[in-house]
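What follows is each chain in one-letter form.
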Amino acid sequence: MQAPLDGPFDGCKFPPGVMVPDIDPSRCEAKGPCVSACPFDVLAIRTLSPEERTSLSPIQRFRSFVHGNKRAFVTNADACRGCGLCVAVCPEKAIKLERRDPPWVSSTAPGRLDD
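I will try to describe carefully the structure that is included in this document. Computed from a predicted structure; not experimentally measured.

Digging into the packing of aromatic side chains
Point 1. Counted under the stated rule, the structure contains zero aromatic pairs.
Point 2. Of note, arginine 46 hangs over the ring of phenylalanine 73, and the distance from its end group to the ring centre comes to 3.7 Å.
Point 3. In this arrangement the basic side chain of arginine 71 is found over the ring face of phenylalanine 73, its NZ or CZ atom lying 4.0 Å from the centre.

Printed below as a string of structure tokens:
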């Protein structure tokens, strides 16, 4: 359900793309309330690829297997408006919102203070 940029969701805290959900793969059990709660189609439940499964710890692989080798993923980060509905409905508390760096900030940009 793609929501309009004004109307009932105009109380969102940020313009699109400023915030992004961060999903803890060790906690997500692919139950899916985050997907249906998001008014901007930012999240989806999908099956882990073989490469993604091999990168998990043995305990995470077991948990993933128990949950059908699925979990939530951010599929449309640029649409996130930071409303926090996904965070509120996640039964595992696996989602938090994080501020994204502006596109002009790069960790490899010359002149950064950490160079």
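From this point, the narrative continues.
Remarks on the environment of lysine 31
Point 1. As for its position among the elements, lysine 31 is in the loop between strand 1 (19-23) and helix 1 (33-37).
Point 2. The sequence separation of lysine 31 and proline 91 amounts to 60 residues, and the corresponding C-alpha distance is 8.1 Å.
Point 3. Once residues lying within four places of it in the same chain are set aside, the contact partners of lysine 31 are Pro91 and Glu92.
Point 4. One polar contact links lysine 31 to glutamate 92, side chain to side chain, over a distance of 3.1 Å.

Remarks on a nonpolar patch on the surface
Point 1. Together, Phe62, Phe65 and Val66 make up an exposed nonpolar region whose accessible area comes to about 360 Å².
Point 2. Inspection of the secondary structure assignment puts phenylalanine 62 in helix 3 (residues 58-66).

Calculation notes
Residues numbered from 1 in each chain as written. Predicted model: local features only at pLDDT ≥ 70, side-chain atom pairs only at ≥ 80, totals over all residues. Heavy atoms only, no water. Phe/Tyr/Trp six-rings, centres within 6.5 Å; stacked < 30°, edge-to-face > 60°. Lys NZ or Arg CZ within 6 Å of the ring centre and 35° of its normal. Helix = DSSP H or I, 4+ residues; strand = E, 2+ residues; numbered from the N terminus. Contact = heavy atoms within 4.5 Å. Polar contact = N/O pair within 3.5 Å; in protein donor to acceptor, adjacent residues only side chain to side chain. Patch = residues over 30% accessible without salt bridge, like charges linked within 9 Å, V, L, I, M, F, W, Y side chains within 5 Å. Areas by Shrake-Rupley, 256 points an atom, 1.4 Å probe, with all protein chains shown as cover. Salt bridge = Lys/Arg side-chain N within 4 Å of Asp/Glu carboxyl O.

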